[in-house]
Amino acid sequence: MIKFEAVNKWYGAFQVLTNVDLNIEKGEVVVICGPSGSGKSTLIRSINRLEEIQSGRILVAGEDVQEPGVNINRLRTGIGFVFQSFNLFPHLSVLRNITIGPMKLLGLSASEADDRARRLLKKVDLENKASAMPAELSGGQQQRVAIARALAMEPPVMLFDEPTSALDPEMVGEVLNVMRALAREGMTMVCVTHEMGFAREVADRIIFMDAGQIIESAESDEFFQNPKHPRAIRFLSDTLQRSPSAQETAM
């Protein structure tokens with residue numbers, strides 16, 4: 001479904017991605033983790049060209065996303081993306097936030113888009129918030145609306161860039177529950193997160209990055225029970241010590 005081939009990216013003289021090779025299969029749930037500044041968000045944002053790479057190739061469903069002439073809007077229509085900061089349209093209701101994409105980009109009628117949006121609001125347990133404005137919602141509710149909005153385009157791939165980092169601790173669980181449900185349904189998901197308990201529970205595979213490189217790739221159980229790279233061992237130890245709930249999940 002997604003393939004990185006010798007991908008490199010620089011910000012000026014600073015190389016943020018170095019010779020990244022990675023395959024993500026259809027239906028796979030992959031969590032990308034690592035210390036701050038390791039290139040995680042740049043990696044995931046390059047999949048739909050929110051970040052441009054300087055060399056290498058990224059293929060989504062066999063299509064080279066960097067190929068000259070690629071229709072970027074069409075590309076992004078097929079890749080759901082959930083940001084740290086929700087990015088809802090503040091002047092539109094919850095329902096309108098979800099229906100606008102399918103109507104303008106997929107050609108759905110107002111009634112078709114409305115039906116789809118209400119079905120998705122029920123899925124994220126917000127069916128009673130259809131007429132609310134984003135400012136009237138909690139952070140966790142806004143992020144669930146953002147997930148519903150991405151799902152409304154019926155993408156084959158969902159990308160999550162630190163989806164809980166802007167939330168108060170008590171709101172994190174409600175967003176992770178929606179993501180757990182998507183994983184159970186077989187959605188192809190790539191998620192950058194520091195929520196190691198969630199990663200241990202849901203991910204098929206963990207990708208650990210440091211200094212712009214993938215230095216460990218392992219099935220979830222293997223990564224948590226027997227990490228190989230010293231940097232991954234230290235990161236996991238530090239993370240689990242800071243988060244008792246993640247430690248319990250990992251045991």
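Note: the structure precedes this text.
Residues numbered from 1 in each chain as written. Predicted model: local features only at pLDDT ≥ 70, side-chain atom pairs only at ≥ 80, totals over all residues. Heavy atoms only, no water.

1. Topic: the sheet that holds strand E6 (residues 79–82)
A sheet is described by the order of its strands in space; here six strands give the open sequence E6-E7-E8-E3-E9-E10, paired in mixed fashion. This sheet does not close on itself; its edge strands, each paired only once, are E6 and strand E10 (213–219). Strand-to-strand twist in this sheet, taken as the mean axis angle between neighbours without regard to direction, amounts to 15°. Summarising the sheet, E6 and strand E7 (residues 157–161) pair through four bridges and their orientation is parallel. Looking at E7, one finds that phenylalanine 81 is bridged to leucine 159. (Pairing = 2+ DSSP bridges. Helix = DSSP H or I, 4+ residues; strand = E, 2+ residues; numbered from the N terminus. Axes fitted to C-alpha atoms, helices over the stretch in contact; angles between N-to-C directions.)

2. Some details on the pairing of strand E4 (residues 55–60)
Relative to E4, strand E1 (residues 2–11) runs antiparallel, the two sharing five bridges. For asparagine 8, the partnering residue across the bridge sits in E4 and is serine 55. In this sheet, strand E5 (residues 63–64) lies alongside E4 in antiparallel orientation, the contact comprising two bridges. Considered in E5, the bridge of valine 60 is made with glutamate 63. Between the end of E4 and the start of E5, which pair antiparallel, lie two residues, with alanine 61 showing a positive phi angle near 50°.

3. Regarding the packing of aromatic side chains
One pass over the full model with this rule turns up four aromatic pairs. Aromatic side chains phenylalanine 81 and phenylalanine 83 sit 4.5 Å apart centroid to centroid with 40° between the ring planes, which places their arrangement in the tilted category. For phenylalanine 81, a relative accessible area of 11% translates into the label buried. The aromatic ring of phenylalanine 89 is capped on one face by arginine 149, whose charged end is 5.4 Å from the ring centroid. (Phe/Tyr/Trp six-rings, centres within 6.5 Å; stacked < 30°, edge-to-face > 60°. Buried < 20%, exposed > 50% of the residue type's maximum accessible area, 1.4 Å probe, protein only. Lys NZ or Arg CZ within 6 Å of the ring centre and 35° of its normal.)

4. Observations concerning the environment of isoleucine 207
Secondary-structure assignment places isoleucine 207 in strand E9 (residues 205–210). By relative accessible area, which is 0% here, isoleucine 207 ends up buried. Sequence separation of isoleucine 207 and glycine 140 is 67 residues, and the distance between their C-alpha atoms is 26 Å. Those residues in contact with isoleucine 207 that lie beyond four places of it in its chain are Leu22, Val30, Val31, Ile32, Cys33, Ile214, Glu216 and Ser217. (Contact = heavy atoms within 4.5 Å.)

5. So, the layout of surface pockets
Each pocket or cavity is described by its volume, and for the largest pocket that value is around 610 Å³. The wall of the largest pocket is formed by 22 residues, among which Arg76, Phe83, Leu105, Arg149 and Met153 lie closest to the centre. Elements that contribute at least two residues to the lining of the largest pocket include exactly helix H2 (72–77), E6, helix H3 (94–105) and helix H5 (139–151). The element contributing the most residues to the lining of the largest pocket is H3, with six residues. (1 Å grid on protein atoms, 1.4 Å probe; cavity = no way out; pocket = protein on both sides within 12 Å on 5 of 7 lines; lining within 4 Å. Points joined across faces, edges and corners; volume = space filled by probe spheres on them.)

6. Considerations on helix H4 (residues 110–123)
Look at H4: 20 Å from first C-alpha to last across 14 residues, which is about the 20 Å you get at 1.5 Å a residue. Looking at H4, one finds that the buried residues are Ala113, Arg116, Ala117, Leu120 and Leu121. Along H4, the residues classed as buried sweep out an arc of 135° about the axis, all on the same side. Considering only its buried residues, H4 is in contact with H3 and H5. (Expected span 1.5 Å × (residues − 1). Arc of directions from axis to C-beta.)

7. Focus on the nonpolar core
With 51 residues, the main nonpolar core has Ile147, Met158, Phe160, Met179, Met189 and Phe223 as its most contacted residues. When residues of this core are assigned to their parent elements, the largest contribution, eight residues, is made by helix H6 (residues 169–184). If sequence neighbours within four positions are ignored, methionine 179 has contacts with Ile147, Phe160, Pro163, Met189, Cys191 and Phe198. Ranked by size, the runner-up nonpolar core spans 27 residues in total, among them Ile58, Leu75, Val192 and Met209. (Core = buried A, V, L, I, M, F, W, Y, C linked by side-chain atoms within 4.5 Å.)

8. Observations concerning H5
Its 13 residues place the ends of H5 18 Å apart at the C-alpha level, agreeing with the 18 Å of an ideal helix rising 1.5 Å per residue. The element H5 is extensively covered by neighbouring structure, given that 13 of its 13 residues are classed as buried.

9. Quick word on the packing of H5 against H6
Here H5 crosses H6 at 20°, and the two axes come no closer than 8 Å. Taken as axis vectors, H5 and H6 run roughly parallel relative to one another. In this structure, H5 crosses over H6, and the sense of that crossing is right-handed. Touching Gly139, Gly140, Gln141, Gln143, Arg144, Ile147 and Leu151 of H5 are Met171, Glu174, Val175, Val178, Met179 and Leu182, all from H6. (Parallel < 35°, antiparallel > 145°, perpendicular 65-115°, else oblique. Left-handed = near helix turned anticlockwise from the far one by under 90°.)

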